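Results of the structural survey
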Amino acid sequence: MNRFKASKFRHTEARLPRREAWIGGIRAGSGASCGNHVKASCRWVAFNAEAAGVLGIVPLECKDGGKRTVSQLCCHSDAVTDFDFSPFDQLLLATGSADEMVKVWRLPESGQDMPSGAGLTLGPGGGPVDVLQFHPTADGVLASGAGKQVTVWDVGQQQPLTALDSHGDQLQSLAWKRDGRLLGTSCKDKKLRIFDPRASPAASQHLDTCGAPSSCRRDSAGIKSPGMQPGKVSWDTRTTRTPGCSGWAPAIASSPSGSARAAIPLYDADTGLLVLAGKGENLLYCFEVAPTQPALTQVTQCRTEGSTRGLAAVPRLALDVMACEVLRVLQLTDTALVPISYLVPRKSIQDFHEDLFPDCAGMLPATGAQAWWAGDSQQVGRVSLHPARRPTETFTSPLIACIQLQAADTDTGPTNTDRSEGSGYSSPSSLASPGSTTTSLSASTGPSSGFASSPSQKSLQSILGPSSRFRHAQGRVLHRDTHLTNLRGLSLTTPGECDGFCANHQHVALPLLSAGGQIAVLELSKPGRLPDAAVPTIQNGSAVVDLSWDPFDPQRLAVAGEDAKIRLWRIPEGGLRETLQEPEAVLQGHTEKIYSIRFHPVASDLLVSSSYDMTVRIWELSAGREALCLRGHTDQIFSLAWSPDGKKLATVSKDGRLRLYEPRRSPQPQQEGPGPEGGRGARLVWVCGGDYLLVSGFDSRSERRIVLYRAQALPEGPLSVLGLDVAPSTLLPFYDEDTSVVFLTGKGDTRVFLYEVTPEPPYFLECNSFTSNEPHKGFVFLPKTACEVREVEFARALRLGQSTLEPVAFHVPRVKKEYFQDDIYPPTRIWWEPALVGSAWLAGEDGQQHRTSLRPADMTPVSEAPKEAPARKFVPASVYLEEKSDEQKKEELLSAMVARLGNRDDPLPQDSFEGVDEDEWD
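The structure displayed is predicted, hence computed values, not measured ones.

Some remarks on the overall build of the protein
Within the protein one finds five helices and 68 strands. Taking all 922 residues of the protein together, 52% fall into the buried category. Looking at the protein alone, contacts between residues at least 24 apart form 54% of all its contacts between residues at least 6 apart.

See the structure below:
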């Protein structure tokens, strides 16, 4: 029978602290990435916050024992995918993002002020950054993975040292060997690759994680499916029985519970302890990795209250060694950071146990980036964890200027940057510190975690990230009395470039399935059930591909047909009473089927159309002629949109290009830039006063996303990209220029996304979405004047169902609804009156529409409402009791009891016949 040496960690216990020790009151992000979502240094803890591109920063230790300060670090214009602290400089943080950038930040030594800008920026690369990790021995070396390529950076020089691109699929994980000589990666092609970055890129080993021998990968209870689910690579540097792998064995970890969830491994090479947890699970497994059989032995497991979003290991130098704490893990949940301590019970907790705490790597680098790249392989010195022998020297990396935070009445000296002798590497003096403007908020970590009272809105934003004033917006379907029902024979096959139907404040036009391109025109002022008999229609003569109401003439409807003609129809006052067969005018000029049509937003009698003939034509309706023809497209034009001032026209097409025209100056595009990657459809709208363009489309993996561009810098690419979901329908955006809220939904969807768009990071502020019970066939918004301002309604739409048309109102919950909410309703544009006629616009004139207030005459603006006296703050009785002596408490209690007894002689209400009529008593 085999005999194995008993492990000193076999009795290790995982202990969850009381809630008072939790870092609560946070809102963790839920973005999908390969990263751990939380990392820790000896000074700070960083985690993905709910807002895209934002990290939450909180101190690892709390000096006052009761409160933690959670701050916000606005890092990127898109989601932060991975980040890592330097192993030497505890204030140095590297972040990677879906915006293809890698940034390096220097955090403050203490306090709440986070840096307002990155110290260094690397990239952009060839795709979104998936993973990154600092080098374990050399200061200033960073490995980042994007797509199928790993780039090793010299951070100080801000340039790549090498690129390792022999991967067959997307990277999932990378890890440096402890001595810094080799780099291991894992990716979706189920291959584990081992590189020597300083040698030829061809000098790499490819190990199949599904069929590799046991000497090349760990495979035991708890990690049995490395090639089947997303895994992460780690290292067992103590193993020496694998000559083919240069004295170490790589390990691939997948979900320990055997589920399809991605695994998060945390491995401590000094003790051989491995903690595993699956994302979304609440079980944490602890194994001991040994160089002998059994290779993996389960030590303990721990069940937590919340599901795991991320895990981070606390550096060994921060452990409580006198309490025999051999490992500490921070679990990131939806609302808290939970520290979990792994303790080895010992009889004497007053002694330092050398067998549990071997020397660990120090915090002074062995070499610099250029020296390492030249072949220097010096190792980081080992230091003792004994409290009396623990080193006190610290290291400040010269990569970024050191921030010297000074209070008004204190003077903080420079950081000690002494180096031990014989290291061969020294750091230059610190540079000047950049400014910092970010504020933060103290959050209680007690049992009732949540946010403490905030001195300002900026303080709240420092924890949650910037939030929208419309984040609590609610959408509701109005009463059935306002619905149009019994709709029959609707055409649900209009092209993706069309919204499906169109409406103004009086009429709604619905294409029908009948031959000949019939269109039903219904009156919004006459809701109810439609008769079973046929209703009067417009006989367009050709199948409808798009239709639009004239904003300056509510009785005129433009309809584009498959026969490449645009027909203008005039609807009689009061609605259709008989079938219309003769249009008011017919516009001909396109040689192939038309995509979409849009009226000019400022000038009357101007219409623009796009067609399969790759042209965009502007029509002067009063003359019935083609005025301008724009060219330059090479593929299908998905969408076009006028700028708010009517001077420019933007298009997005299937060739993946975004184009900007000034039609009166040139028929060729003024600017071109990269558009959405996918070729399945896209829409665009102008936002933020016409300075930005928002494009909704697909990525290469068919994920629906919205992309923001600066209108004057299209060649520079997108400012921000936000993924929403995976669905087949094209997102149809509607932008409310008064509130900067964009509404996004698709045909066949049940959900409407709401985001406030801002010209500053993080650009998209999420609001409550609206969800319906059944999929809608179309979703069209009405003009602003249709909103009921007394109910704080800021947008109204029409939802087309299978046989119904339902008004949907979006409003903001407010307490003082008797006042006009002038912060929600700025002066709105008088969209129903043109600023000039089309001929004047074509001649080069520009007009500007006036604005008007939506405030009813009998309502007072909320900004002018009388100020109320501040409500008395409630203070719990326990506060008063704590301030009184025991004798005072006894006297007050006795007095209260005597007063209660004295009331026994008081008459009761029924004794004096109060409260009822006299004839009711018997």
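Having seen it, we continue.
Things to note about the packing of aromatic side chains
Per the stated rule, a full pass over the model turns up 19 aromatic pairs. Taken together, a centroid distance of 5.8 Å and an interplanar angle of 90 degrees make the contact between W176 and W372 edge-to-face. With W176 in strand β16 (residues 171–176) and W372 in helix α1 (residues 369–373), this pair connects stretches of sequence that are 196 residues apart. Across the pair, exposure class does not vary: W176 and W372 are buried alike. Consider the rings of Y285 and F287, whose centres lie 6.4 Å apart with planes at 15 degrees: the pair is stacked. A single burial state applies to Y285 and to F287, both of which are buried. An aromatic cluster of at least three residues, connected via ring pairs, comprises F470, F734, F743, F770, F779, F781, F794 and F810. In this structure, K39 is placed above the aromatic ring of F83, and the distance from its NZ or CZ to the ring centre is 5.9 Å. Over the ring of F698 we find R680, and its NZ or CZ is 4.3 Å from the ring centre.

Comments concerning the sheet that holds strand β56 (residues 703–710)
Across the sheet, four strands lie side by side as β54-β55-β56-β57; this open sheet has antiparallel pairing. Looking at the sheet topology across the chains shown, the edges are occupied by β54 (683–687) and β57 (720–726). Ignoring strand direction, the axes of neighbouring strands in this sheet form an average angle of 20 degrees. Note: strand β55 (residues 692–698) against β56, seven bridges, orientation antiparallel. For Y692, the partnering residue across the bridge sits in β56 and is R710.

What about the nonpolar core?
V275, L284, L311, V326, V329 and Y342 are the most contacted members of the largest nonpolar core, which totals 29 residues. Those elements that place two or more of their residues in this core are β22 (263–268), β23 (273–278), β24 (283–289), β25 (296–303), β27 (325–332) and β28 (336–343). Take this core: its biggest share by element is four residues, from β28. In this structure, F470, F781, V789 and I824 belong to the second largest nonpolar core, which totals 23 residues.

Quick notes on the environment of G368
Assignment of secondary structure puts G368 in strand β30 (residues 367–368). Separated by 230 residues in the primary sequence, G368 and A138 place their C-alpha atoms 5.0 Å from one another.

Quick word on the pattern of salt bridges
Tallying each qualifying case throughout the model produces 45 salt bridges. Here R556 makes a salt bridge to D605, at a shortest N to O gap of 2.6 Å. Of this pair, R556 sits in strand β42 (residues 553–561) while D605 is found in the loop between β46 (603–604) and β47 (606–611), placing the two residues 49 residues apart along the sequence. R664 is the partner of D846 in a salt bridge, and the nearest nitrogen-oxygen pair spans 2.6 Å. Within this pair, whereas D846 is found in the loop between α3 (838–842) and β68 (851–852), its partner R664 is found in the loop between β52 (657–661) and β53 (671–674), the two being separated by 182 residues in sequence. Salt bridges linked by common partners bring R178, D268, D270, R316 and R382 together as one network.

Things to note about the sheet that holds β42
If you trace the four strands from one edge of the open sheet to the other, you get β41-β42-β43-β44, paired in antiparallel fashion. Strand pairing shows two members of the sheet lacking a second neighbour, β41 (544–550) and β44 (585–588), which therefore form its edges. Within this sheet the neighbouring strands show an average axis-to-axis angle of 20 degrees, counted without direction. Bridging between β41 and β42 involves six bridges; their strand directions are antiparallel. Bridge pairing in β42 places S548 opposite A558.

Looking at the side chain of D139
By the element assignment, D139 lies in strand β12 (residues 138–139). For D139, which is buried and forms no salt bridge, the nearest opposite charge comes from R106, at a distance of 7.6 Å. Within the local environment of D139, its side chain forms a polar contact with the side chain of S397, the two groups lying 2.9 Å apart.

Some points on the confidence of the model for the protein
Per-residue confidence for the protein averages 80 on the pLDDT scale, and 80% of its residues sit at or above 70. Counting interchain partners and residues more than four positions distant, the pLDDT-below-50 stretch residues 237–249 has 41 contacts.

Thresholds applied
Residues numbered from 1 in each chain as written. Predicted model: local features only at pLDDT ≥ 70, side-chain atom pairs only at ≥ 80, totals over all residues. Heavy atoms only, no water. Helix = DSSP H or I, 4+ residues; strand = E, 2+ residues; numbered from the N terminus. Buried < 20%, exposed > 50% of the residue type's maximum accessible area, 1.4 Å probe, protein only. Contact = heavy atoms within 4.5 Å. Phe/Tyr/Trp six-rings, centres within 6.5 Å; stacked < 30°, edge-to-face > 60°. Lys NZ or Arg CZ within 6 Å of the ring centre and 35° of its normal. Pairing = 2+ DSSP bridges. Axes fitted to C-alpha atoms, helices over the stretch in contact; angles between N-to-C directions. Core = buried A, V, L, I, M, F, W, Y, C linked by side-chain atoms within 4.5 Å. Salt bridge = Lys/Arg side-chain N within 4 Å of Asp/Glu carboxyl O. Lys, Arg positive; Asp, Glu negative; His and termini not counted. Polar contact = N/O pair within 3.5 Å; in protein donor to acceptor, adjacent residues only side chain to side chain. pLDDT = per-residue confidence, 0-100.

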